[in-house]
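# A look at the structure
So the chains spell out like this:
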Amino acid sequence: MLSTHASFVGMKYSDDFILVEVAFIAGTPKETRLALLKELNARIVTAIGISPDDVVIQLIEGPRRELLVGQGLAQRAHISQSN
């Protein structure tokens, strides 16, 4: 349980705090990442009914060859082996 006084960079967190992690292929334009962050925050806040301060989204960038699409398989690994 978070303290009602928990804060970071001027935001106040409550017990509704959630952390979302999003993986990107390295090289995704900054504008795309920022637009996604804004849209994700807005949709989560609206859908769940929590404060925008209670949503933290962490972006992780990795090389295309390490992207796992599903079923624990790197389906694109054979394509990017030459990269």
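Residues numbered from 1 in each chain as written. Predicted model: local features only at pLDDT ≥ 70, side-chain atom pairs only at ≥ 80, totals over all residues. Heavy atoms only, no water.

### Notes on the overall build of the chain
Inclusion rule: Helical segments are the DSSP runs of H or I of at least four residues, strand segments are the runs of E of at least two, and each set is numbered from the N terminus. Under the scheme applied here, a residue whose accessible area is under 20% of the maximum for its type counts as buried, over 50% as exposed, and between as partly exposed, the area being computed with a 1.4 Å probe on protein chains only. The contact criterion used is simple: two residues touch if any of their non-hydrogen atoms lie within 4.5 Å. Surface accessibility in these figures is a Shrake-Rupley result with a 1.4 Å probe; residues are shielded only by whichever protein chains are displayed.
Scanning the chain for helices and strands turns up two helices and four strands. Going residue by residue from the N terminus, the α and β elements of the chain occur as β-β-β-α-β-α. Within the chain, the fraction of its 83 residues that count as buried is 17%. Intrachain contacts of the chain at a sequence separation of at least 6 include 54% that bridge at least 24 residues. For the chain, the exposed surface amounts to about 6200 Å²; the carbon and sulfur share of it is 57%.

### Here we look at the pattern of salt bridges
Defined as follows: Just to be clear on terms, a salt bridge is a Lys or Arg side-chain nitrogen sitting within 4 Å of an Asp or Glu carboxyl oxygen.
Counting across every chain of the model gives two salt bridges. Of the charged contacts in the structure, one is a salt bridge between E61 and R33, with a shortest N-O distance of 3.8 Å. With a gap of 28 residues between them, E61 in strand β4 (residues 55-62) and R33 in helix α1 (residues 30-48) connect regions that are remote in the sequence. On the basis of relative accessibility, which here comes to 42%, the residue E61 falls in the partly exposed class. With its nearest N and O atoms 2.6 Å apart, the salt bridge here joins E39 to R43. Of this pair, E39 and R43 both sit in helix α1, four residues apart, which is roughly one turn of that helix.

### A word on the pairing of β4
In plain terms, the rule: For two strands to be treated as a pair, DSSP must find at least two bridges joining them. Look down the strands so they point away from you; if going from the first strand over the helix to the second traces a clockwise path, that crossover is right-handed.
Summarising the sheet, strand β3 (residues 18-25) and β4 pair through eight bridges and their orientation is parallel. Residue V20 lies in a different strand from β4, and its bridge partner there is I57. Chirality of the crossover, the property in question, places the unit of β3, α1 and β4 among those that are right-handed.

### Overview of the nonpolar core
We count it as follows: By convention a nonpolar core is built from buried Ala, Val, Leu, Ile, Met, Phe, Trp, Tyr and Cys residues, the set being connected through side-chain atoms within 4.5 Å.
Grouped together as the largest cluster of nonpolar side chains are seven residues: V22, F24, I44, V45, I50, V55 and I57. Elements with a minimum of two residues in this core: β3, α1 and β4. With sequence-adjacent residues up to four places away left out, V45 is seen in contact with I50, S51, P52 and V55.

### Things to note about the confidence of the model for the chain
Selection rule: pLDDT gives the predictor's per-residue confidence on a scale running from 0 to 100.
Averaged over the chain, the pLDDT score is 78; the fraction of residues at 70 or greater is 65%. Mean pLDDT values for the elements of the chain range from 54 in helix α2 (residues 77-80) up to 94 in α1.

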